[in-house]
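In case you want the letters, here they are:
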Amino acid sequence: AFCHSFATVATGGFSTQTTSIAAYNSLYIEIVIIVFMFAAGVNFALHYRALTGQTKAYFQDSEFRFYAGIWIGACILLALINWLGINGISLGHALRGAFFTGTSIMTTTGFCTDDFDLWPNASRILLIMLMFVGGCAGSTGGGVKVVRIVVVFKEVLREIQRFMQPQAIVTVKMGGQPLQDDVVSHISAFFVIFV
């Protein structure tokens, strides 16, 4: 338990068991690990703010909302793909495997309970996409980081608005603060090179 707790919060994913978390075959253990993997993928400054009494800080942060939305949407989509694409799997087992594996891959933890190589191709492609997304900035999760995806998404929306209204002055904001255009262009250039 001691080793797994540190490997979960640090999103290191190293298990003392050869078959990782699957060795325990416990829904309770998997749920606890999912909660802490998800929490480890959140910006630790938000955890600090919540611990100091600002519990609304999570939902006021656009990066957290986007992170939670991607996580929930991807895990439900994974469950549906697996439920419809794998013969003999129950919806409950599909949800259990999708939420554990989706959270583990998105936060780059690396724990596993299912052999996702046996999953349908659509599920495996979605897992690869989650791997690139990663966690929030200021978290222990790897990946590109959700904040960069949010900035690029807002930049795309800004460019569409500027195309529709060429005279409009539109700024990209994060946390209510406008971002400098050079910051936005650097992040956008990163994605062009990356993709």
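Higher on the page you've got the structure.
Every value quoted in this text rests on a predicted model; they were computed, and no experiment measured them. (Residues numbered from 1 in each chain as written. Predicted model: local features only at pLDDT ≥ 70, side-chain atom pairs only at ≥ 80, totals over all residues. Heavy atoms only, no water.)

*Asks:* An account of the layout of surface pockets is requested, with residue identities and associated values reported.
*Replies:* Its volume calculated, the largest pocket comes out at about 220 Å³. The wall of the largest pocket is formed by Ala 1, His 4, Ser 5, Thr 8, Ile 21, Tyr 24, Ile 29, Val 32, Ile 33 and Phe 36. Listing elements by their share of the lining of the largest pocket, those giving two or more residues are helix H1 (2-9) and helix H2 (27-40). The leading source of residues in the lining of the largest pocket is H2, at 4 residues. When the residues that make up the lining of the largest pocket are grouped by side-chain class, the tally is 7 nonpolar, 3 polar and no charged. (1 Å grid on protein atoms, 1.4 Å probe; cavity = no way out; pocket = protein on both sides within 12 Å on 5 of 7 lines; lining within 4 Å. Points joined across faces, edges and corners; volume = space filled by probe spheres on them. Helix = DSSP H or I, 4+ residues; strand = E, 2+ residues; numbered from the N terminus. Nonpolar A, V, L, I, M, F, W, Y, C, P; charged D, E, K, R; others polar.)

*Asks:* Describe the side chain of Ser 139, with residues and values.
*Replies:* Along the chain, Ser 139 turns up in the loop between helix H7 (121-133) and helix H8 (146-164). Within the structure, Ser 139 has its side chain in polar contact with the backbone oxygen of Cys 136 (distance 2.6 Å). Setting aside residues no more than four positions away along its own chain, Ser 139 makes contact with Ala 40, Gly 41, Val 42, Asn 43, Phe 44 and Lys 145. (Polar contact = N/O pair within 3.5 Å; in protein donor to acceptor, adjacent residues only side chain to side chain. Contact = heavy atoms within 4.5 Å.)

*Asks:* Outline the pattern of salt bridges, supporting the account with residue identities and numerical values.
*Replies:* Scanning all chains against the criterion turns up 4 salt bridges. A salt bridge links Arg 96 to Glu 30, with the shortest nitrogen-to-oxygen separation between them at 2.9 Å. Here Arg 96 is found in helix H6 (residues 91-106), whereas its partner Glu 30 is found in helix H2, with 66 residues between them in sequence. Of the charged contacts, one joins Glu 155 and Arg 158 as a salt bridge, the two residues approaching to 3.0 Å between their closest N and O atoms. Taken together, the residues span about one helical turn, with Glu 155 and Arg 158 both in helix H8 at a distance of 3 residues. Considered together, Glu 155 and Arg 158 belong to a single accessibility category, that of buried residues. (Salt bridge = Lys/Arg side-chain N within 4 Å of Asp/Glu carboxyl O. Buried < 20%, exposed > 50% of the residue type's maximum accessible area, 1.4 Å probe, protein only.)

*Asks:* A description of helix H3 (residues 44-51) should follow, citing residues and the corresponding values.
*Replies:* Those residues of H3 lying buried are Leu 46, His 47 and Ala 50. The buried residues of H3 occupy an angular sector of 105° when the element is viewed end-on, so they sit on one face. Across from the buried face of H3, at angles greater than 90 degrees, the exposed residues are Tyr 48 and Leu 51. Residues of H3 that are buried make contact with H2, helix H4 (57-60) and helix H5 (62-85). The opening residue of H3, the one whose side-chain oxygen lies 2.9 Å from the backbone nitrogen of Ala 45, is Asn 43. Of the residues one or two after H3, Gly 53 is the one with positive phi, at around 105°. (Arc of directions from axis to C-beta.)

*Asks:* Give a description of the side chain of Thr 113 that names residues and reports values.
*Replies:* As for its position among the elements, Thr 113 is in the loop between H6 and H7. A polar contact is formed between the side chain of Thr 113 and the side chain of Asp 114, at a distance of 3.3 Å. When neighbours within four sequence positions are excluded, Thr 113 is seen to be in contact with Ile 21, Ala 22, Glu 30, Phe 100 and Thr 101.

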